[in-house]
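What follows is each chain in one-letter form.
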Amino acid sequence: MCDSCATAIEATAERPEPRGGLSRRGLIAGMGLGLGLSGVGLGTGATAAFAATAKNGRWANPALGHFPAGGHYGASRGGAAHAGQDVSNSTGTGVYAAAAGTVVRRAWGGGLTGRTGNALVISHGSGQYTYYGHLSAYRVALNATVAAGQRIADMGATGNVTGPHLHFETHSGGLGVTTNPVTFMAARGVDLGGGWPRIDPGASGKTVVAIQYLMAKRGYGLVADGQYGSVSSTAVKAFQKAKGLVADGQVGPATWPHLVYTLRQGSSGSHVRALQTALNKRSAGLAVDGTFGAVSTSAVRTYQGLNRLVVDGEAGPLTWQALVG
């Protein structure tokens with residue numbers, strides 16, 4: 001846990017998300033990632049209503065671990081407020097970009113007051129930033145362009161800490177204006193605690209490609225184009241109805257366990273393509289050929305080891321949850 005990593009209370013911002021529509025923060029997020037209202041995942045037959053989601057597949061869990069006591073956003077730090085959320089795991093655990101952007105800081109404390117340890121800051125545009133602190137190793141250079149889910153660093157215990165962890169911050173409205181990372185990421189479909197993500201119609205990207213490959217294996221014949229438009233939404237709703245789930249089109253914690261397959265070396269098909277796509281989002285660099293051979297097995301084992309999962313080379317529910325989260 002951080003012994004410091006604080007910011008003045010008046011420099012924080014935590015505004016409730018309005019219900020039933022796109023918040024100002026969600027709009028900024030979409031604009032900052034080059035989406036805009038009219039271009040969010042508009043596949044064939046997509047409607048403008050789909051563009052109103054912030055759970056758009058463009059955000060990813062930055063690290064696996066647990067929330068240590070006292071490591072929450074706003075916790076007291078000597079008269080100031082803890083500026084982020086701590087995620088504890090062992091030194092060397094993988095750290096990943098929470099969204100696409102540019103590395104604008106790569107320095108001790110990220111050059112921010114009150115922070116210590118090796119740190120990265122990624123700009124996502126339109127005044128949105130994420131901060132990754134106490135790193136043991138950097139995996140990207142300053143000014144690098146990164147993708148959501150790309151490995152950018154290793155967890156560590158540099159700086160003023162009581163043990164290895166990731167100190168993760170979200171800034172909205174400018175660098176230095178922090179907001180609660182747990183609620184910020186939840187609004188974008190990511191469970192910072194490590195659960196299944198929530199992907200809404202209108203989303204786009206590699207996680208949508210994985211969903212479409214899985215749906216194809218389930219017999220729904222979707223094209224894996226990465227655009228969660230009306231065709232994909234209709235298919236997901238039909239799948240949900242067939243499984244006795246709420247047919248709302250959101251691929252979330254209730255739907256994912258029914259959608260994924262347990263895969264191992266020797267498996268083949270579009271569900272393996274889904275796995276390879278999810279691994280590639282986490283920097284595996286695999287050919288998406290639908291064959292679970294020795295190379296894919298090695299990639300699964302490497303990912304499991306890096307993220308402190310059971311290293312068995314088998315892609316079961318826990319490995320899937322970590323990959324797509």
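Look up a bit, the structure's there.
Residues numbered from 1 in each chain as written. Predicted model: local features only at pLDDT ≥ 70, side-chain atom pairs only at ≥ 80, totals over all residues. Heavy atoms only, no water.

All right, on to the pattern of salt bridges then. Two side chains of opposite charge can pair, provided their charged atoms sit close to one another. By the definition in use, this model includes four salt bridges. Of the charged contacts in the structure, one is a salt bridge between R151 and D154, with a shortest N-O distance of 2.7 Å. In this structure D154 comes out as buried when scored by relative accessible area, which is 5%. E314 is the partner of R264 in a salt bridge, and the nearest nitrogen-oxygen pair spans 2.8 Å. Taken together, the positions of R264 in the loop between α5 (256–259) and α6 (270–281) and E314 in the loop between α7 (294–306) and α8 (317–324) put the pair 50 residues apart, joining distant regions of the chain. Residue R264 is classed as partly exposed on the basis of its relative accessible area, which comes to 42%. Residue E314 is classed as partly exposed on the basis of its relative accessible area, which comes to 26%. (Salt bridge = Lys/Arg side-chain N within 4 Å of Asp/Glu carboxyl O. Buried < 20%, exposed > 50% of the residue type's maximum accessible area, 1.4 Å probe, protein only. Helix = DSSP H or I, 4+ residues; strand = E, 2+ residues; numbered from the N terminus.)

Quick look at helix α4 (residues 230–242) now. Compared with the 18 Å implied by 1.5 Å per residue over 13 residues, the 18 Å span of α4 between its first and last C-alpha is a close match. Buried residues of α4: S230, S232, S233, A235, V236, F239 and Q240, and no others. Here the buried face of α4 lies against α3 (206–217) and α5. Looking one or two places after α4, you find G244, whose phi comes out positive at around 75°. (Expected span 1.5 Å × (residues − 1). Contact = heavy atoms within 4.5 Å.)

Further remarks concern the side chain of H82. With respect to the helices and strands, H82 occurs in strand β3 (residues 80–82). There is a polar contact of 3.2 Å between the side chain of H82 and the side chain of H167. (Polar contact = N/O pair within 3.5 Å; in protein donor to acceptor, adjacent residues only side chain to side chain.)

Note that soluble globular proteins tend to have their nonpolar side chains buried in a common cluster. With 39 residues, the main nonpolar core has W256, L275 and W320 as its most contacted residues. Mapped by element, the contributors of at least two residues to this core are α3, α4, α5, α6, α7 and α8. Here the element with the most residues in this core is α3; it accounts for seven residues. With residues near it in sequence (within four places) discarded, W320 still touches W196, L214, V260, Y261, L263, H271, A274, L275 and A315. (Core = buried A, V, L, I, M, F, W, Y, C linked by side-chain atoms within 4.5 Å.)

Here we come to the packing of aromatic side chains. Here the structure, examined in full by the defined rule, presents five aromatic pairs. With centroids separated by 6.0 Å and ring planes inclined at 85°, the aromatic side chains of Y220 and F239 adopt a geometry described as edge-to-face. Here F239 lies in helix α4 and Y220 lies in the loop between α3 and α4, a separation of 19 residues in the sequence. One Lys or Arg, R115, reaches over the ring of Y131 and ends 6.0 Å from the middle of that ring. (Phe/Tyr/Trp six-rings, centres within 6.5 Å; stacked < 30°, edge-to-face > 60°. Lys NZ or Arg CZ within 6 Å of the ring centre and 35° of its normal.)

Turning to the sheet that holds strand β11 (residues 151–155), a few remarks are in order. For sheets, the rule is that strands pair by backbone hydrogen bonds, running either parallel or antiparallel. Strand order in the open sheet formed by three strands is β5-β11-β9, with antiparallel pairing between adjacent strands. Two strands in the sheet have a free side with no partner beyond their single neighbour: β5 (94–96) and β9 (135–138). Going across the sheet, the axis of each strand differs from the next one's by a mean of 35°, ignoring polarity. Of the pairings in the sheet, the one linking β9 to β11 comprises three bridges and is antiparallel in character. Paired with A137 across the strands is D154, a residue of β11. (Pairing = 2+ DSSP bridges. Axes fitted to C-alpha atoms, helices over the stretch in contact; angles between N-to-C directions.)

On to the side chain of Q240. Tracing the backbone shows Q240 in helix α4. If we skip the residues at most four places from it in the chain, Q240 touches L245, V246, A247, D248, G249, Q250 and T255.

Attention now moves to the pairing of strand β8 (residues 128–133). Across the six residues that make up β8, a large majority, five, are buried. In the sheet, strand β7 (residues 118–125) pairs with β8 via six bridges, with the strands oriented antiparallel. The residue of β8 that forms the bridge with G125 is Q128. In terms of strand pairing, β8 meets strand β12 (residues 165–172) through six bridges, oriented antiparallel. Considered in β12, the bridge of T130 is made with T170.

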